[in-house]
Amino acid sequence: MDPCLSTQLIDGDGVFNVSGLESFMKEVKLAECGLSYAVVSIMGPQSSGKSTLLNHLFRTNFREMDAFRGRSQTTKGIWMAKAQNIEPCTLVMDLEGTDGRERGEDDTAFEKQSALFALAVSDIVLINMWCHDIGREQAANKPLLKTVFQVMMRLFSPRKTTMLFVIRDKSKTPLENLEPILREDIQKIWDGVPKPHAHKDTPLSEFFNVQVVALNSYEEKEELFREQVSNLRDRFQQSIAPGGLAGDRRGVVPASGFSFSSQQFWKVIKENKDLDLPAHKVMVATVRCEEIGYEKVATFTADEEWQQFEEAVQSDYVPGFGKKISSLLDRCLSEYDMEAIYFDEGVRTSKRHQLESKLLQLVNPAYQSLLGHLRTRTLEAFKESFDKAVEKEGFAVAARDSTQIFLEKFDKGSEDATIQQVNWDPSKVKDKLKRDIEAHVVSVRATKLSELCATYEGKLTKALAEPVEALLDSASEDTWPAIRKLLQRETKAAVSGLESAISTFELDEATEKELLLRLENHGRSVVESKAREEAARILIRMKDRFSTLFSRDADSMPRVWTGKEDIKAITKTARSASMKLLSTMAAIRLEEDGDNIDTTLSLALVDAARPGTTDRSIQSLDPLASSSWERVPEERTLISPVQCKSLWRQFKAETEYTVTQAIAAQEANKRNNNWLPPPWALAAMAVLGFNEFMTLLRNPFYLAVMFVVFLVGKAIWVQLDIANEFRNGFLPALLSLSTKFVPTIMNILKRLADEGAAPAAPERQRETELQPRNNSSNSNVTSAGSSSLTSSENGPEYSSPVAQ
Ligand SMILES: Nc1nc2c(ncn2[C@@H]2O[C@H](COP(=O)(O)OP(=O)(O)OP(=O)(O)O)[C@@H](O)[C@H]2O)c(=O)[nH]1
């Protein structure tokens with residue numbers, strides 16, 4: 001659009017051309033002007049050469065009436081154009097001419113509305129009038145002035161508009177003479193205008209800055225007209241500067257609000273309401289500042305740098321966030337300040353605050369997310385560094401130092417994220433980090449301490465378990481004192497080891513004591529559980545011990561029951577050793593408080609059972625008829641007296657057979673050593689059988705038969721190893737021989753027949769193969785003493801109630 005071309009702002013029907021104004025403003029770049037612009041409008045009778053004057057004065061292009069077509073109205077409504085080559089930007093409005101007729105008090109008439117609009121919007125109002133109307137009662141512009149002054153009252157505060165009276169077609173009368181008459185006319189009209197009470201005595205000069213200029217006729221003295229117009233034009237240069245034509249103007253609406261302000265003015269005027277200029281200014285400022293704010297928010301959200309930051313902080317901490325975002329916000333707010341600078345200060349400031357909080361609201365989630373990442377990162381880094389620091393510095397020092405270092409790191413990170421425009425407090429996030437760090441330290445401490453405790457408990461278990469087992473197995477008077485000594489020594493070593501290991505944890509006294517006590521208790525519990533295990537196997541142990549002592553001699557060699565051994569004494573020794581085992585295992589004796597279990601057991605089980613014992617008190621009062629030992633608390637009892645009694649009974653029953661076997665073996669041995677008939681029988685046999693013997697010797701046949709019988713008998717004797725068989729007793733020898741007899745006879749017969757009977761060879765071979773098996777079964781029988789005990793061991797095991 002050619003800026004010289006004029007735009008119709010309001011048409012003849014009073015319709016405001018919003019889009020026309022908007023595009024006009026864009027064209028002339030009005031919004032950038034701030035307050036550096038002026039608005040000039042012209043009023044006057046129809047066809048009084050207003051458009052002609054404006055076009056000459058401002059080099060605009062308002063429609064003029066063609067002089068040759070005659071006078072008729074050409075301007076309808078209000079038109080607007082930009083003055084050419086006048087600084088600052090000057091907007092020129094050409095108003096529809098007044099028809100000079102009185103309209104009464106009808107404020108709705110377009111003439112009044114457009115006059116009010118021009119007064120509200122313009123800094124300078126040109127009043128175009130014919131020279132010959134000055135001093136005339138029926139002057140054409142009198143109603144106009146009346147209207148202007150009347151509507152002026154409706155502007156709440158005067159804008160101190162410059163009212164420049166342009167006298168057209170001036171006569172020869174000099175302006176010096178005309179001006180007083182004109183001012184008098186104006187004063188008369190001002191005085192005649194009904195005023196509200198507040199302005200009753202307000203002078204005209206309070207509202208208007210009245211100036212007068214006279215021009216020669218454009219039609220008759222064009223050259224002169226042009227010259228005068230050119231001079232007048234100079235006065236419009238820098239018109240808003242102090243001392244300029246509109247130097248006193250007030251209540252200027254910033255250029256970017258001109259469109260909205262004009263629309264609002266026209267709207268209010270059309271609704272026939274009063275124009276409250278201050279309120280209007282606030283309203284325009286509010287709307288415009290809000291608009292500027294919205295624009296700034298939109299610019300900020302569309303900013304590429306902001307978008308990159310916003311996206312980046314979703315996944316990680318971004319260094320330099322605070323500085324960058326602060327500068328983006330600063331730029332945004334400065335732009336607002338620049339654009340809103342000319343609007344009402346109160347409105348502008350409050351809208352700035354709104355803008356700022358809106359922007360911060362936009363930024364806050366990113367900031368919080370950033371702090372969240374900072375917290376997580378710091379915590380992770382702390383965990384990693386802390387583990388290493390613990391190894392180097394010890395637990396407590398590492399915990400203290402690392403916590404301090406990483407909280408400081410968080411402080412630095414949050415400082416980096418700080419946004420200048422706001423005082424967001426990161427302390428809540430820091431507190432959460434502190435809590436997380438503390439929780440981690442506590443959990444690591446718990447893990448490390450339990451690891452250490454487990455290590456030392458393991459060491460203690462290892463140091464105690466096997467030795468305790470060995471000591472219990474040996475069961476003697478010294479067993480429990482030795483266990484106590486061992487427990488004391490090993491516990492002391494473990495406790496001092498743990499004590500020095502946990503020294504770096506700087507634990508409070510109570511916790512440290514508790515840990516050490518726990519270790520001590522663990523030592524005791526190892527011993528106790530070992531003792532319980534052994535107590536559960538007491539019957540086997542007792543039988544083992546019995547068997548060892550009974551079946552083997554002092555050199556651990558197996559006994560051969562030759563008949564010379566004192567089986568009773570051996571049995572007694574073996575039983576008393578087994579009883580010692582029972583009394584040792586009956587209770588846990590970790591304190592040196594002594595008990596009488598040993599005595600009680602020997603009294604009750606050995607002495608009471610002796611046939612010669614007649615003590616009535618012992619027989620009548622069974623000391624084992626109790627479920628608890630004297631001076632032994634229940635928790636330390638492994639085998640109760642009653643259980644001891646039943647165990648002993650079982651033990652005796654199960655070892656009885658061994659003893660019986662031994663006695664039997666001894667008897668048999670004794671008999672085997674005397675297998676020849678007694679000497680008197682031999683003598684009788686010699687005397688009585690002398691004749692028969694001689695007969696046999698004299699008869700060669702009998703001699704041959706006897707020789708054959710002798711040979712066969714000798715063969716059987718050798719084959720069956722009869723002499724050896726009887727060494728193990730008579731009965732076993734008989735049993736063994738009976739099983740071997742038939743096969744051996746068969747063997748001998750086959751061997752005799754062997755000479756000529758080759759087909760019998762496989763059978764013989766089979767018999768030969770059978771031989772070692774028979775021998776082995778034979779040997780099993782000979783070791784009956786120990787095998788009978790072993791088989792009984794495989795019988796049902798005693799299950800101690802303590803072990804359960
Ligand atoms: N006598 C005289 N006539 C003039 C002067 N200037 C312009 N005219 C003539 O007056 C007639 C109307 O001129 P415009 O400039 O259209 O007048 P206007 O006041 O804008 O007219 P409307 O907008 O219709 O009210 C034209 O024929 C002009 O040539 C002047 O200084 N003296």
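Quick caveat, the model's predicted, so the values are computed rather than measured.

*Asks:* Which residues make up the UniProt feature "transmembrane region" (unreviewed entry) in the protein, and what are the values?
*Replies:* Mapped onto the present numbering, the UniProt feature "transmembrane region" (unreviewed entry) falls at residues 701-718. End C-alpha atoms of residues 701-718 are separated by 26 Å, and the span's content is 100% helix alongside 0% strand.

*Asks:* Go over the pairing of strand β2 (residues 37-43) with me, naming the residues and quoting the values.
*Replies:* Where burial is concerned, most of β2 is hidden: seven out of the seven residues are buried. Neither face of β2 is exposed, since Tyr37, Val39, Ser41 and Met43 on one face and Ala38, Val40 and Ile42 on the opposite face are all buried. Two elements, β2 and strand β5 (residues 124-130), share four bridges in a ladder whose sense is parallel. Residue pairing across strands places Met43 opposite Ile127, the latter belonging to β5.

*Asks:* Got a sec to walk through the site of the ligand? Specific residues and values, please.
*Replies:* In the vicinity of the ligand there are 22 residues, among which Ser47, Ser48, Thr52, Thr74 and Asp169 approach most closely. Residue Thr52 places a side-chain N or O atom 2.4 Å away from an oxygen atom belonging to the ligand. Within the side chain of Glu219, one N or O atom sits 2.9 Å away from an oxygen atom of the ligand. In the complex, the protein chains occlude 96% of the 650 Å² of accessible area that the ligand would expose alone. Ranked by residue count, the leading element in the shell around the ligand is helix α2 (residues 50-58), at three residues. Of the residues assigned to the shell around the ligand, the class counts are five nonpolar, 11 polar and six charged.

*Asks:* Kindly report on the UniProt feature "binding site: GTP" (unreviewed entry) in the protein, identifying the contributing residues and their values.
*Replies:* Here the UniProt-annotated "binding site: GTP" (unreviewed entry) positions come out as Gly44, Pro45, Gln46, Ser47, Ser48, Gly49, Lys50 and Ser51. By the element assignment, Pro45 lies in the loop between β2 and α2. The buried category is assigned to Pro45, whose relative accessible area is 6%. On the basis of relative accessibility, which here comes to 7%, the residue Ser51 falls in the buried class.

*Asks:* Pulling in residues and values, what's your account of the sheet that holds strand β1 (residues 7-10)?
*Replies:* By way of backbone hydrogen bonds, the strands of a sheet pair with one another, either parallel or antiparallel. One open sheet holds the seven strands; their spatial order is β1-β3-β4-β2-β5-β6-β7, and the pairing between them is mixed. The sheet is open, and its two edges are formed by β1 and β7 (208-214), each paired on a single side. In this sheet, neighbouring strand axes are inclined to one another by 25° on average, regardless of whether the strands run parallel or antiparallel. The pairing of β1 with strand β3 (residues 78-82) spans three bridges and is antiparallel. Bridge pairing in β3 places Thr7 opposite Met80. Here helix α1 (residues 18-27) sits on the sheet in contact with β1, β3 and β4 (89-95), set at roughly 10° to β3.

*Asks:* Account for the packing of aromatic side chains, with residues named and values stated.
*Replies:* For the structure on display, the rule yields 21 aromatic pairs. An angle of 80° between the planes, with centres 4.9 Å apart, marks the rings of Phe58 and Phe236 as edge-to-face. With Phe58 in helix α2 and Phe236 in helix α7 (residues 222-236), the pair connects residues that are 178 residues apart, well separated along the chain. By relative accessible area, which is 0% here, Phe58 ends up buried. Taking the centre distance of 4.9 Å and the plane angle of 35° together, the rings of Trp648 and Phe651 count as tilted. Residue Trp648 and its partner Phe651 are both found in helix α21 (residues 641-672); the two are separated by three residues, about one turn of the helix. As far as burial versus exposure is concerned, Trp648 and Phe651 are alike and both buried.

*Asks:* Go over empty space enclosed by the protein, please, and point to the residues and values.
*Replies:* One way to see where empty space is left: roll a probe the size of a water molecule over the atoms. All chains considered together, the criterion is met by five cavities of 30 Å³ or more. Roughly 100 Å³ of internal volume is contained in the largest cavity. Secondary structure elements with two or more residues in the lining of the largest cavity: β2, α3 (110-121) and α8 (258-270). When residues in the lining of the largest cavity are grouped by element, the largest group, four residues, is from α8.

Procedures and definitions
Residues numbered from 1 in each chain as written. Predicted model: local features only at pLDDT ≥ 70, side-chain atom pairs only at ≥ 80, totals over all residues. Heavy atoms only, no water. UniProt positions renumbered as here; feature names shortened; annotations may be inferred. Helix = DSSP H or I, 4+ residues; strand = E, 2+ residues; numbered from the N terminus. Buried < 20%, exposed > 50% of the residue type's maximum accessible area, 1.4 Å probe, protein only. Pairing = 2+ DSSP bridges. Near = heavy atom within 4 Å. Polar contact = N/O pair within 3.5 Å; in protein donor to acceptor, adjacent residues only side chain to side chain. Areas by Shrake-Rupley, 256 points an atom, 1.4 Å probe, with all protein chains shown as cover. Nonpolar A, V, L, I, M, F, W, Y, C, P; charged D, E, K, R; others polar. Axes fitted to C-alpha atoms, helices over the stretch in contact; angles between N-to-C directions. Contact = heavy atoms within 4.5 Å. Phe/Tyr/Trp six-rings, centres within 6.5 Å; stacked < 30°, edge-to-face > 60°. 1 Å grid on protein atoms, 1.4 Å probe; cavity = no way out; pocket = protein on both sides within 12 Å on 5 of 7 lines; lining within 4 Å. Points joined across faces, edges and corners; volume = space filled by probe spheres on them.

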